[in-house]
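Architecture at a glance
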Amino acid sequence: MPQFVIERDIPNVGNMTDSEIRAAAQRSMQVLKELGPQIQWLHSYVTGNKIYCVYLAPDEVTVQEHAKRAGLPANRISAVRRLIDPSTAE
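All values reported here derive from a predicted model rather than from experimental measurement.

Procedures and definitions
Residues numbered from 1 in each chain as written. Predicted model: local features only at pLDDT ≥ 70, side-chain atom pairs only at ≥ 80, totals over all residues. Heavy atoms only, no water. Buried < 20%, exposed > 50% of the residue type's maximum accessible area, 1.4 Å probe, protein only. Helix = DSSP H or I, 4+ residues; strand = E, 2+ residues; numbered from the N terminus. Arc of directions from axis to C-beta. Polar contact = N/O pair within 3.5 Å; in protein donor to acceptor, adjacent residues only side chain to side chain.

Now for helix H2 (residues 60-70). Those residues of H2 that fall on the buried side of the exposure criterion are Thr62, Val63, His66, Ala67 and Ala70. Take H2 and look down its axis: the buried residues cluster within an arc of 140°, on one side only. Seen from the buried face of H2, the exposed residues on the opposite side, beyond 90 degrees, are Val61 and Lys68. The N-cap of H2, judged by a side-chain oxygen 3.3 Å from the amide nitrogen of Val61 a few residues on, is Asp59. Of the residues trailing H2, Gly71 is marked for its positive phi of about 70°.

Below you can see the structure in the form of structure tokens.
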């Protein structure tokens, strides 16, 4: 299944409380259940004003629909073309 990185612009997200982050994650998970098994949230990276989320989904439209229903921004959606790590150098 294709993998996507979603860039979400959320001012001061790095300063959100654990309960605020948990509420957003719960909202996201509820929408994922509604959309079915064709979309999966793998993990996210939180910075000062952005969240970078990694998802498996059949296409960008499904990722956009998840963001819309969850009330989350999806400012940039990029399809992952290749994964590299330290073993790539070997």
